[in-house]
Amino acid sequence: MKRKSTPNLDPVIAPEILEGAKRGIAGGNARAAAKCVVCGAEATTDAADQLCWVCRRLKISAWRDVEQQLPAQE
């Protein structure tokens, strides 16, 4: 069975939006990336602790472990 030929459709994304996305990827609108204070990986600049996402998750996990252990010691 042969496929029906598809008519030439208009682009799904407007060319202006596509150009803006390409410029953003190329570094035209890139935000300055900070380095993680623990491992040196790329971290977000808007965070006060300047940790990458991995170190931030480890920090949160460690806090949870400490909170669960404190009542058991009393």
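Residues numbered from 1 in each chain as written. Predicted model: local features only at pLDDT ≥ 70, side-chain atom pairs only at ≥ 80, totals over all residues. Heavy atoms only, no water.

A. View of the overall build of the protein chain. In terms of helices and strands, the protein chain carries 2 helices and 2 strands. Start at the N end of the protein chain and walk to the C end: the helices and strands fall as α-β-β-α. Counting all 74 residues of the protein chain, 9% fall into the buried class. Of the accessible surface of the protein chain, which amounts to about 7100 Å², a share of 57% is contributed by carbon and sulfur atoms. (Helix = DSSP H or I, 4+ residues; strand = E, 2+ residues; numbered from the N terminus. Buried < 20%, exposed > 50% of the residue type's maximum accessible area, 1.4 Å probe, protein only. Areas by Shrake-Rupley, 256 points an atom, 1.4 Å probe, with all protein chains shown as cover.)

B. Up close: the nonpolar core. Of all hydrophobic cores here, the largest spans 5 residues; its members are Cys36, Ala43, Leu51, Cys52 and Cys55. Contacts of Cys36, omitting those with residues within four sequence positions, involve Ala41, Ala43, Gln50, Leu51, Cys52 and Cys55. (Core = buried A, V, L, I, M, F, W, Y, C linked by side-chain atoms within 4.5 Å. Contact = heavy atoms within 4.5 Å.)

C. Molecular detail of the environment of Cys39. If you trace the backbone, Cys39 turns up in the loop between β1 (34–35) and β2 (42–43). A residue is classified by how much of its surface remains accessible, and Cys39, at 47% relative accessible area, is partly exposed. Along the primary structure Cys39 and Cys52 are separated by 13 residues, whereas in three dimensions their C-alpha atoms are 8.1 Å apart. Excluding residues within four positions of it along the chain, Cys39 makes contact with Cys52 and Cys55.

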